[in-house]
Amino acid sequence: MEEITQKQTNPYLIPAAILIAGAFVAAALYFGGSTPSPVAVGTGNDQPAVAQQPEPTGSLDAVRPVDETDHIKGSPDAPIKIVEYSDFECPFCKRFHDTMNEVMDKYGDSGEVAWVFRQFPLEQLHPVKAQRAAVATECAAEQGGNDAFWAIADGYFADPSTGNNRTNQDVLIPELAAAAGLDADRFNECLESGKYDEHIQADIANAVETGGRGTPWSVMIGPDGKTYPINGAQPLAAIEQLISIATDNQ
């Protein structure tokens, strides 16, 4: 899982760095379960300082209701919805995208599970490129609907050259847009317009509000409305177990 971090070069700011690192350890929890070990933070003198685990922040119940404006793979009426907040340049998101496609192969056709994709580009880790990829998928959806959105999203993550802010977007994004049948002029105009910046910021804000401090971050909504955190690139077996729990609790 890629967490939001902050560099500190001034030795007088080290206590702040410790507090920041301690706050982000909450992102290491799996399913809101056990308390993690303390984290060691370098002080600049090769002497680690230990920050204790604070209480997790955010509320899963703050997840924005799923509606027709969302990008959904599977039935919108599925009793279980997995709302993922993702960064297109995050290698852990790339791995989890494969896992979620496996989930949908198993549970999507039957209408049991729907996958809701929301944007969570981490500018601190992937400046410019994560945001641009997010905008590209939104512009694809504007022109070609849900199918075009997923064509760009799936194609971007599937390309072996993507991730860690090394993607050659000047080549890949136009190729994916063309393969999706999008009009190049309209797509490029949208890509440069900034019209989806506010929408993407709203997704980011909601991710943080629900407790997300890194990517991928997901919230599963069960048939009874109960919410469950999915922190990081969890494997298929873990997602299946959570689906079973959510189903049994309805």
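Look up a bit, the structure's there.
As a starting point, this report considers the structure included with it. (Residues numbered from 1 in each chain as written. Predicted model: local features only at pLDDT ≥ 70, side-chain atom pairs only at ≥ 80, totals over all residues. Heavy atoms only, no water.)

Digging into the packing of aromatic side chains
Scanning the model with the defined rule gives seven aromatic pairs in all. With a centroid separation of 6.1 Å and 85 degrees between ring planes, the pair formed by phenylalanine 117 and tryptophan 150 is classed as edge-to-face. Of this pair, phenylalanine 117 sits in strand β6 (residues 113-119) while tryptophan 150 is found in helix α3 (residues 129-158), placing the two residues 33 residues apart along the sequence. Of the two residues examined, phenylalanine 117 and tryptophan 150, each falls in the buried class. Taken together, Phe88, Trp115, Phe117, Phe149, Trp150, Tyr156 and Phe157 form an aromatic cluster joined through their ring pairs. (Phe/Tyr/Trp six-rings, centres within 6.5 Å; stacked < 30°, edge-to-face > 60°. Helix = DSSP H or I, 4+ residues; strand = E, 2+ residues; numbered from the N terminus. Buried < 20%, exposed > 50% of the residue type's maximum accessible area, 1.4 Å probe, protein only.)

Looking at the state of the cysteines
As enumerated under the stated definition, the model contains one disulfide in all. Two residues share a disulfide in this structure: cysteine 139 and cysteine 190, whose sulfurs sit 2.1 Å from each other. Linking cysteine 139 and cysteine 190, the disulfide has an S-S dihedral of approximately -85 degrees and is accordingly described as left-handed. You can see cysteine 139 sitting in helix α3 and its partner cysteine 190 sitting in helix α5 (residues 184-193), a full 51 residues away along the chain. Accessibility classification places cysteine 139 together with cysteine 190 in one group, the buried group. In this model cysteine 90 remains outside any disulfide bridge; the closest cysteine sulfur is found in cysteine 93, 3.2 Å from its own. On the basis of relative accessible area, cysteine 90 is assigned to the buried category, the value being 1%. In this structure cysteine 93 comes out as buried when scored by relative accessible area, which is 0%. (Disulfide = S-S within 2.5 Å.)

Concerning the environment of glycine 58
The residue glycine 58 is located in the loop between β3 (49-51) and β4 (71-73) in this model. For glycine 58, a relative accessible area of 52% gives the class exposed. Between the C-alpha atom of glycine 58 and that of asparagine 206, which follows or precedes it by 148 residues, the distance is 9.7 Å. If we ignore the near neighbours within four places in the chain, the residues touching glycine 58 are Glu209, Thr210 and Gly211. (Contact = heavy atoms within 4.5 Å.)

Here we look at the sheet that holds strand β5 (residues 80-86)
Pairing is mixed across the open sheet formed by five strands, whose spatial order is β4-β6-β5-β8-β9. Only two strands of the sheet have a single neighbouring strand rather than two, namely β4 and β9 (227-231). Neighbouring strand axes in the sheet, compared pairwise and without regard to direction, differ in orientation by 25 degrees on average. One ladder, built from five bridges, connects strand β8 (residues 217-221) with β9; its direction is antiparallel. Counterpart to tryptophan 217 in the pairing with β9 is asparagine 231. (Pairing = 2+ DSSP bridges. Axes fitted to C-alpha atoms, helices over the stretch in contact; angles between N-to-C directions.)

Considering the pairing of β9
Here β9 lies mainly inside the structure; five of its five residues are buried. Burial along β9 is two-sided: Thr227, Pro229 and Asn231 and Tyr228 and Ile230, pointing in opposite directions, are all buried. Two successive antiparallel strands, β8 and β9, enclose a turn made up of five residues, where glycine 225 displays a positive phi of approximately 90 degrees.

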